[in-house]
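Below, each chain spelled out in residue letters.
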Amino acid sequence: MALLLIGLPIAYWLTFSKWRWKFLIESIVALPLVLPPTVLGFYILVAIGPHSPIGRLYSDVVGQALPFSFQGLLFASILYSMPFAVQPFATAFEQVDRKLIETSWTLGLSKLKTFFKLIMPLSTAGLITGAVLSFAHTLGEFGVVLMVGGNIEGVTRTVSIDIYDEVQALNYAGAAQTALFLLIVSYSILLLIYAMNRKVWAVWPQK
Amino acid sequence: MAAEIAINITKTFPGRTTISAQVSYPLQQATALVLFGPSGSGKTTVIRSIAGLEWPEQGTIRFISRTWLDTRSGIRVSPQERQIGYMPQEYALFPTYTVKGNIAYGLDALSAVDRKKRVEELVDLFQLRGLEEAKPHELSGGQQQRVALARAVAPRPQLLLLDEPLSALDLPTRLQLRGELRSLLKQLALPSIIVTHDWTEALTLGDVVAVMGNGQILQVGPPQEVFTRPRDAEVAQIVGVETVVEGHVIEKAYGLVTVRINGTTLQGLGSDDIGSPVFVCIRAEDVVLEEAGSGTTSARNHLGGKVIDITPHGVMVQVKIDCGFPLVAMITRGAQEELHLEPGSPIVAVIKAGAVHLVPRSV
């Protein structure tokens, strides 16, 4: 959800901005795709830790430190899963015909209104893909979570870490159960996306 | 309401001709200004600049008392605030909305009741009854055009901008809608600026024609004047039709139409109704000159007349003839010598019926 709110404006900007240094931001957004999760996790940990400005600001305002808390985990997850949301969004926006958008402007609709009344309905497929994909990815992530969240039962323990713990404890049956659960969930989500995309294309043949 | 549009803009594209257009013209209530020129001449850039979708590096655009663009003082009015109706090429209907939804799209400011009333009004005016719930891809080209026009005029714009309104249609539909569009524009009583590369559309739709070539506006005037009295060779070449005269259809049979022009009659191909006013258009290359008194040919039109004027154009000479109406012919220098043509010589102009183009005009 949080990812959707942050990802949409970034994707919009990436698609429609004519700024010449746009590629800098583009590559930063895509960075988590190639970076080992532990590297990202390490930097996030340092960035939000009590010795950094962000971490200090947060603990001053909220009265609680970010690392090893659910909020910290959320923050890390957003950064880490960003490309999985932003890239499908941006691709979907790019496919919207510029002429439609311009016509909407001449009809008196602001850029924001055009976005909600025209661009969003035209890119439903991409939006769903992005949302679901990033959700699924967040569900399955491991490295970043371990680095930032620690492994506190009931607070920052995620499904994938749970599996790791079970294996460490030689509880293979428990691990298998959780792994199977994760496999089924991931597969169903992907199944849903692909099925939906096909249906969407059939209903609105583009051009 | 007297209104004026004044445009003076420069826009460069890397690797292409610089667009540098100046035009100012009074736009009365229903004046249609046609921007006419070959593709690549910059027409679309000009109309997009007027719409606020393209930002020229330099210049000013004023409409009535409002300044839309003035690069020197940094005025840049957004397309949203210009109160225009814009119809892009290929119409750009919103695919996720129905016909009704498309028309109502720009009516956010109205209350639900008023919006519904306005949509109903436009559905009637543009003859879209029965199609209200259809999606754009279910419509024919002509219907799409009407929806796009209805959508553009729904918020009651001050100025209508149409970019190639007919070129997305197939030929028979285009011919049929040409006249229809003209009467719709008159009915709307809105000033409009129309871009086209088709000279027949320029003649039918335009009250004023601005000829564009190489990124510049070369000549502005009433269509007949611009077509028959091009300012220079460049305009003449763009226009391509030297003879444009007013006539009336007096007979119609088997796809052949007889028109009367000042007492002279001509036969041409067409299906215009008897009594309808038309422009009779003939290209100079299609006129054959022969000595007076020679035999019959297969051509339908033999017009006796007198040479008025001869002007050389490279290897060709342009001959102006009076045969009840002014007619321009283009022949080679050799032919001119053989026929001993000079001002005053009697001559017969021969024109095939297929070379007589009839374009509907409004009175």
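Within every chain, residues take consecutive numbers counted from 1 along the sequence as written. Going through the entries in the order they are written, you letter the chains from A and number the ligands from 1. Reporting of local features is limited, given that this is a predicted model, to residues whose pLDDT is at least 70; pairs of side-chain atoms are given and counted only at 80 or more, and all residues count toward the totals for whole chains, interfaces and linings.

Draft legend 1. Representation of the pairing of strand β18 (residues 316–322) of chain B within the structure. All names here are of chain B. For two strands to count as paired, DSSP must find a minimum of two bridges between them. Each helix is a run of H or I in the DSSP string that is no shorter than four residues. Each strand is a run of E no shorter than two, and both are numbered from the N terminus. Note that strand β17 (residues 301–313) and β18 share seven bridges and pair antiparallel. Residue pairing for β18: His 313 is matched across the bridge by Met 316. The antiparallel hairpin formed by β17 and β18 contains two residues in its connecting segment, where Gly 314 sits at a positive phi of about 65 degrees. Direction of pairing for β18 relative to strand β19 (residues 326–332): antiparallel, over a ladder of seven bridges.

Draft legend 2. Quick peek at the packing of helix α6 (residues 98–106) of chain A against helix α7 (residues 111–122) of chain A. Residue and element names in this part refer to chain A. To define axes, lines are fitted to C-alpha atoms, for helices over the stretch in contact only, and angles between the resulting N-to-C directions are given on a 0 to 180 degree scale. It is the contact of α6 with α7, at a shortest axis distance of 10 Å, that shows an interaxial angle of 140 degrees. Looking at the two axes, α6 sits oblique to α7. Considering how the two elements wind past one another, α6 and α7 form a crossing that is right-handed. Counting all contacts with α6, which are made through Leu 100, Ile 101, Ser 104 and Trp 105, the residues of α7 involved are Thr 114, Leu 118 and Ile 119. By residue class, the composition of the contact of α6 with α7 is five nonpolar, two polar and no charged. Roughly parallel refers to an angle under 35 degrees, roughly antiparallel to one over 145, roughly perpendicular to one between 65 and 115, and oblique to any angle outside these ranges. Handedness of a crossing follows from how the near helix is turned relative to the far one, being left-handed for an anticlockwise turn of less than a right angle and right-handed for a clockwise one. Note that contacts rest on C-beta atoms placed from the backbone: two residues are in contact if these are within 7 Å. In the scheme used here, Gly and all other residues not listed as nonpolar or charged are polar, with Ala, Val, Leu, Ile, Met, Phe, Trp, Tyr, Cys and Pro taken as nonpolar and Asp, Glu, Lys and Arg as charged.

Draft legend 3. Looking closely at the interface of chain B and chain A. With 16 residues of chain B at the contact, the number on the chain A side is 16 residues. A class-by-class count of the residues in the side of chain B that touches chain A yields eleven nonpolar, four polar and one charged.

Draft legend 4. Layout of unusual backbone geometry. Residues and elements named next belong to chain B. Despite not being glycine, Ile 64 shows a phi value in the positive range, around 50 degrees. Relative to the helices and strands, Ile 64 resides in the loop between β4 (58–63) and β5 (66–70). Partly exposed residues are those whose C-beta has more than 12 but fewer than 20 other C-beta atoms within 10 Å; 20 or more makes a residue buried and 12 or fewer makes it exposed, with C-beta atoms placed from the backbone. A count of 14 C-beta atoms within 10 Å places Ile 64 in the partly exposed class. Here the phi dihedral of Tyr 91 falls at roughly 75 degrees; this positive angle occurs in a residue that is not glycine. Checked against the element boundaries, Tyr 91 lands in the loop between β7 (84–87) and α2 (99–104).

Draft legend 5. Quick peek at the domain arrangement of chain B. Residues and elements named next belong to chain B. Domain borders in the structure are assigned automatically or taken from a domain database. Under the domain assignment used here, chain B contains domain 1 (3–240) and domain 2 (244–360). Taking only C-alpha atoms into account, the centre of domain 1 sits 34 Å from that of domain 2. The partner domain 2 presents five residues to the eight residues of domain 1 that form the contact. Contributing elements (two or more residues each) for the side of domain 1 that touches domain 2: α6 (199–205) and α7 (223–228). Residue classes in the side of domain 1 that touches domain 2 are distributed as two nonpolar, six polar and no charged.

Draft legend 6. Just the sheet that holds strand β11 (residues 216–221) of chain B, in detail. All names here are of chain B. Strand order in the open sheet formed by six strands is β7-β8-β9-β3-β10-β11, with mixed pairing between adjacent strands. With partners counted over all chains shown, the strands left at the sheet margins are β7 and β11, one partner each. Sheet twist, expressed as the mean angle between neighbouring strand axes with direction ignored, is 15 degrees. As paired elements, strand β10 (residues 208–213) and β11 share five bridges and run antiparallel to each other. Within β11, the residue paired with Val 209 across the bridge is Gly 221.

Draft legend 7. Inspection of helix α3 (residues 37–48) of chain A at higher detail. Residues and elements named next belong to chain A. Between its first and last C-alpha, α3 extends 16 Å over twelve residues, near the 16 Å set by a 1.5 Å rise per residue. Taken as a whole, α3 has its buried residues at Gly 41, Ile 44, Leu 45 and Ile 48. When α3 is viewed along its axis, its buried side chains cluster within an angular range of 100 degrees and face the same direction. What a helix is expected to span follows from its residue count: subtract one and scale by 1.5 Å. The arc in question is formed by the directions pointing from the helix axis toward the C-beta atoms.

Draft legend 8. The arrangement of the environment of Asp 207 of chain B in detail. Residues and elements named next belong to chain B. Following the sequence through the fold, Asp 207 ends up in the loop between α6 and β10. For the pair Asp 207 and Thr 31, spaced 176 residues apart in sequence, the C-alpha to C-alpha distance is 6.0 Å. With near-sequence residues (within four places) excluded, Asp 207 lies in contact with Thr 31 and Ala 32.

Draft legend 9. Inspection of the pairing of strand β20 (residues 346–351) of chain B at higher detail. Residues and elements named next belong to chain B. The two faces of β20 differ: Ile 347, Ala 349 and Ile 351 on one face are buried, but Pro 346, Val 348 and Val 350 on the other face are not. Where strand β16 (residues 288–290) and β20 come together, three bridges link them in antiparallel fashion. If you follow Glu 290 over to β20, its bridge partner there is Val 348. As paired elements, β17 and β20 share six bridges and run antiparallel to each other. In the sheet register, Gly 304 faces β20, and the bridge partner there is Val 348.

Draft legend 10. Spotlight on the sheet that holds β18 of chain B. All names here are of chain B. Here five strands make up an open sheet; going across it, the order is β16-β20-β17-β18-β19 and the pairing antiparallel. Edge positions in the sheet fall to β16 and β19, since each has one partner strand and no second. Going from strand to strand, the sheet's axes swing by 45 degrees on average, the running direction of each strand aside.

Draft legend 11. Spotlight on the confidence of the model for chain B. pLDDT is defined as a per-residue confidence score from the predictor, taking values between 0 and 100. Counting all residues, the mean pLDDT for chain B is 86, and 97% of those residues have values of 70 or more. Across the interfaces of the predicted complex, the ipTM metric reaches 0.75, alongside a pTM of 0.76.

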